[in-house]
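Overview (structure and organization)
Here's the letter readout for the chains.
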Amino acid sequence: FVMEFPSEFPLAKHTQTHNTSRMGSLFPIQNAFHLGAYQVAINEAADLDSTGTTSLSSSDAIEKDCYVYRSYIALGSYQLVLDEIPDDSPSQLQAVKELARYLADPLDRATISQKMKEMLEDPAIAQNATVQLMAATVFAKEGEMVEAMRCCATSLSLELSAFMVNLLISMDRVDAAEKTLAKMVANDDDATLTQLATAWVNVALGGSKVQDAMYVYQELGDKYTWTVKLFNGAATCAMAMGRFEDAEKELLEALQKDSKDPDTLHNLAVCALHLGKPSTRFFNQLKTLTPKPGAVEKMDELEKMFDTASEQMASA
């Protein structure tokens, strides 16, 4: 459920303060996006537009548009993003567009990764947090963890730090993830992203910390709105505590909200296996999704390895 580290890069101190931005006009959009309520984020932005975007600074207006288009990407509407962002748009929006292009065109991903590296060669563009985050996302998906870590180590935004936490956890560097989290807490301990990152670290630490993570998801869900992301987070906690029936209940709630969410289907398959229930349907649903989820790619790889081993044994 985490995004996806080497520790050779020093973790820079945050260069921006986010306490004031949480209380600004973009907060409902940002918060909804971080919770995984993507349509809500889009709607909040539309409401803000209807009241007059002139009240926003030019940088805030661009940031708003970035969250809107990133929300459409999260909903799988890649073509809409490609169609609506013009080629002469600011670098932040261009970076968002490249992420949409990356996800929409599996055959051109290496080229897009290289283009992101070229964008970062411009010192002015490299100082933009959204560009760094979009680049880190592409690099991580390409398995270029060193490049992804370099982007996150700039610590230009709380989002980059949260992504760093995910990368570190995925590479079993929970110790380094804790250090990054400590800086997020010092920067803005009440931010939703900080709360989510705290939950990720607590799940990775295990033991009694898992229950603390569960409390985070429950508090965020009750305070704002229960999303597919939060249901999956709570289910992950329940599974880590061996409570697979409770996890299944959380995941079925998530399934009601999005029947094609890959994390939900993957976690339901895991729960089914532990509960002795059929899991084939969830795996089959995963295989129909586009782009292909990481779990499916891993299963395909294992199936090929099994077939190769079987052929070798048969011919021996």
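Described below are features of the structure shown in this document. The shown structure was predicted, so the numbers you read here are calculated from the model rather than taken from an experiment.

Thoughts on the overall build of the protein
Tallying secondary structure elements over the protein gives 19 helices and 0 strands in all. Considering the protein as a whole, with its 316 residues, one finds that 47% of them fall into the buried category. Carbon and sulfur atoms provide 52% of the accessible area of the protein, an area that totals close to 15,700 Å².

Quick notes on the packing of helix 2 (residues 27–35) against helix 13 (residues 192–205)
Geometrically, a packed helix pair is captured by the angle between its two axes and the distance between the axes. Where helix 2 meets helix 13, the closest approach of the two axes is 9 Å, and the angle between their N-to-C directions is 15 degrees. Taken together, the axes of helix 2 and helix 13 are roughly parallel relative to one another. Pair helix 2 / helix 13 crosses with right-handed handedness. Note on element contacts: helix 13 touches helix 2 through T192, L193 and L196, opposite N31, H34 and L35. When the residues that make up the contact of helix 2 with helix 13 are grouped by side-chain class, the tally is 3 nonpolar, 3 polar and no charged.

A look at the side chain of T137
If you trace the backbone, T137 turns up in helix 9 (residues 129–141). With relative accessibility at 17%, the residue T137 sits in the buried group. If near-sequence neighbours (up to four positions away) are discounted, T137 is found in contact with L99 and F163.

Section: the packing of helix 9 against helix 11 (residues 158–170)
At their nearest, the axes of helix 9 and helix 11 sit 10 Å apart, and the two run at 20 degrees to each other. Viewed along their axes, helix 9 and helix 11 adopt a mutual orientation that is roughly parallel. For helix 9 against helix 11, the interelement crossing comes out left-handed. Residues A129, Q132, L133, A136, T137 and A140 of helix 9 pack against E159, L160, F163 and L167 of helix 11. Its residues placed into classes, the contact of helix 9 with helix 11 shows 7 nonpolar, 2 polar and 1 charged.

Some remarks on the pattern of salt bridges
Applying the stated criterion across every chain yields a total of 11 salt bridges. In this structure, a network of salt bridges that share partners links the residues D49, K64 and D65.

Concerning the state of the cysteines
Under the defined criterion, the tally for this structure stands at 0 disulfides. Sulfur of C152: no disulfide; nearest cysteine sulfur belongs to C151 and is 6.6 Å away.

A short note on the side chain of N202
Looking at where N202 falls in the secondary structure, it is placed in helix 13. Beyond its immediate stretch of four places on either side in the chain, N202 contacts K209, V210, D212 and A213.

Quick look at helix 13
Over its 14 residues, helix 13 extends 20 Å from the first C-alpha to the last, a length consistent with the 20 Å expected when each residue adds 1.5 Å. Most of helix 13 is tucked away: 10 of the 14 residues are buried. Buried residues belonging to helix 13 abut helix 2, helix 11, helix 12 (174–188), helix 14 (209–223) and helix 15 (228–240). One or two positions beyond helix 13, positive phi appears at G206, with a value near 75 degrees.

A short note on unusual backbone geometry
The backbone phi angle of S155 is positive, close to 50 degrees, even though this residue is not glycine. By the secondary structure assignment, S155 is in the loop between helix 10 (145–152) and helix 11.

Here is what the cut-offs are and how they apply
- Residues numbered from 1 in each chain as written.
- Predicted model: local features only at pLDDT ≥ 70, side-chain atom pairs only at ≥ 80, totals over all residues.
- Heavy atoms only, no water.
- Helix = DSSP H or I, 4+ residues; strand = E, 2+ residues; numbered from the N terminus.
- Buried < 20%, exposed > 50% of the residue type's maximum accessible area, 1.4 Å probe, protein only.
- Areas by Shrake-Rupley, 256 points an atom, 1.4 Å probe, with all protein chains shown as cover.
- Axes fitted to C-alpha atoms, helices over the stretch in contact; angles between N-to-C directions.
- Parallel < 35°, antiparallel > 145°, perpendicular 65-115°, else oblique.
- Left-handed = near helix turned anticlockwise from the far one by under 90°.
- Contact = heavy atoms within 4.5 Å.
- Nonpolar A, V, L, I, M, F, W, Y, C, P; charged D, E, K, R; others polar.
- Salt bridge = Lys/Arg side-chain N within 4 Å of Asp/Glu carboxyl O.
- Disulfide = S-S within 2.5 Å.
- Expected span 1.5 Å × (residues − 1).

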